[in-house]
Amino acid sequence: MKGIFKTKPRTPAELVRSTRELLAYIDMPTASRDGKKEEKMADLGKNIREMKVILYGNSESEPVPEACTQLTQEFFRENIMRLLIVLLSKLDLETRKDTTQVIANLQRQQVHSRLIASDYLDSNKDLLDILVAGYDNTDMALHYGTMLRECIRHQVAARYVLESENLRKFFGYLEIPNFEVQSDAAATFRELLTRHKSTVAEFLTKNYDWFFAEYNSKLLKSSNYITRRQAVKLLSDMLLDRANAAIMMRYVSSKDNLRILMDLLREPSKNIQVESFHVFKIFVANQHKPPEIVSILLANRNKLLRFFSDFKTDKADEQFDNDKAQVLKEISGLEPKEKT
């Protein structure tokens, strides 16, 4: 008879309520000594999988918008995001993976044309502190990193991370020896500094001195090849973004910055050379070069002309060739500037 009657699917509200009860149980100090723990963990894993199916669908069905909306509302109303983030280390690996996907998806779910995850994070900013600190734990870093990148899609979350002490931590995370964790941290750092243009421009304007002092000394001069390559590519993307025009002019007016880029051009790695060129060309193209910049370029003119005449990319690149020709023309035509 069992096979005749199918269990009625739980509503999103019932699913969330059950999940909250299971998480409350797991958080109890006595849970580890309780004989029911294994069963409760299995039930929690099943609940998170059901949420994942509601949000992503499966081989048999597509997501139903009404169910997604209801789940989103209940999930944030019942504070499930906080509980899952705080208790993530107590969950088994598969449940952690499913939890990461559920939280990531819910950042994009709209309810009445509003991203309620953004409002939730605005009231629970301390969760962003936990996600950033996840990079200190190799076992949790990739789960928390994925969640963090989805959270900073919201401008309010990105601004908080940029303006808090959290951003400074990334200068250490980008030197982590574990390649997977370092790469994940680098992806998050890039997202923070490129996604929300106006917020990033405001942050860089207010924090220019300490930020670029750290960026130059810890990233561009890092002993780690991967870190240097990622850093010079990100620097190029930041400076060439129109929203950062004032930042770009300030950066390319510094003789110390120019020296760093010229050192990077001498790297044996062609990848780093090419990315460095994209920053170096801004120094050269600047029509308002300070006298000290002109002096350095003039002092190194012959070396630079020889270097760039043989400088090629591995693949044909018309834009690169045009940029190089312009750099050669500018350097050749340089005249000494009087210091004012």
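Residues numbered from 1 in each chain as written. Predicted model: local features only at pLDDT ≥ 70, side-chain atom pairs only at ≥ 80, totals over all residues. Heavy atoms only, no water.

Draft legend 1. Representation of the pattern of salt bridges in the model. Under the criterion given, the structure shown has 24 salt bridges. For Lys90, the salt bridge goes to Asp27, with nearest N and O atoms at 4.0 Å. Residue Lys90 is found in the loop between α4 (80-87) and α5 (93-106), and its partner Asp27 is found in the loop between α1 (12-26) and α2 (37-56); the two are separated by 63 residues along the sequence. Asp27 sits in the partly exposed class, given a relative accessible area of 43%. Here Glu165 makes a salt bridge to Arg168, at a shortest N to O gap of 3.5 Å. (Salt bridge = Lys/Arg side-chain N within 4 Å of Asp/Glu carboxyl O. Helix = DSSP H or I, 4+ residues; strand = E, 2+ residues; numbered from the N terminus. Buried < 20%, exposed > 50% of the residue type's maximum accessible area, 1.4 Å probe, protein only.)

Draft legend 2. Broad picture of the layout of surface pockets. Its volume calculated, the largest pocket comes out at about 400 Å³. Lining the largest pocket we find 14 residues, and of these Lys8, Pro9, Arg10, Glu50 and Ile54 sit closest to its centre. Going through the elements one at a time, α1, α2 and α3 (65-77) are the ones with two or more residues in the lining of the largest pocket. (1 Å grid on protein atoms, 1.4 Å probe; cavity = no way out; pocket = protein on both sides within 12 Å on 5 of 7 lines; lining within 4 Å. Points joined across faces, edges and corners; volume = space filled by probe spheres on them.)

Draft legend 3. Summary view of α5. Compared with the 20 Å implied by 1.5 Å per residue over 14 residues, the 20 Å span of α5 between its first and last C-alpha is a close match. Within the span of α5, buried status applies to Thr95, Arg96, Asp98, Thr99, Thr100, Val102, Ile103, Ala104, Asn105 and Leu106. Contacts from the buried residues of α5 go to α2, α3, α4, α6 (116-123) and α8 (138-151). Two to three positions downstream of the cap, the backbone nitrogen of Glu94 sits 3.1 Å from a side-chain oxygen, assigning the N-cap of α5 to Asp92. (Expected span 1.5 Å × (residues − 1). Contact = heavy atoms within 4.5 Å. Polar contact = N/O pair within 3.5 Å; in protein donor to acceptor, adjacent residues only side chain to side chain.)

Draft legend 4. Just the packing of aromatic side chains, in detail. The tally for this structure, following the rule as stated, stands at 27 aromatic pairs. Plain terms: the ring middles of Tyr135 and Tyr173 are 5.4 Å apart, the flat faces sit at 45 degrees to each other, and that makes the pair tilted. In this pair, Tyr135 sits in the loop between α7 (126-133) and α8 while Tyr173 sits in helix α10 (residues 166-173), placing the two residues 38 residues apart along the sequence. The pair Tyr135 / Tyr173 is uniform in exposure class, with both members buried. Above the plane of the ring of Tyr25 lies Lys40, whose end atom (NZ or CZ) is 5.4 Å from the centre. Taking the ring centre of Trp210 as reference, the NZ or CZ of Arg168 above it sits at 3.8 Å. (Phe/Tyr/Trp six-rings, centres within 6.5 Å; stacked < 30°, edge-to-face > 60°. Lys NZ or Arg CZ within 6 Å of the ring centre and 35° of its normal.)

Draft legend 5. Structural context of the side chain of Ser236. Of note, Ser236 is situated in helix α14 (residues 225-239). Apart from residues lying up to four places away in sequence, Ser236 is in contact with Glu275, His278 and Val279.

Draft legend 6. Structural detail: the state of the cysteines. With the rule as written, the count across this model stands at 0 disulfides. Cysteine Cys68 remains unbridged, with the sulfur of Cys151 as its closest cysteine sulfur at 18 Å. The exposure class of Cys68 is buried, given its relative accessible area of 4%. With relative accessibility at 0%, the residue Cys151 sits in the buried group. (Disulfide = S-S within 2.5 Å.)

Draft legend 7. Unusual backbone geometry, seen in detail. Notably, His112 is not glycine yet its phi reads approximately 55 degrees, a positive angle. Relative to the helices and strands, His112 resides in the loop between β1 (110-111) and β2 (114-115). What makes His112 exposed here is its relative accessible area of 73%. Of note in this structure, Ser113 is not a glycine but carries a positive phi near 65 degrees. Tracing the backbone through its elements, the reader meets Ser113 in the loop between β1 and β2. Its relative accessible area of 68% is what places Ser113 among the exposed residues.

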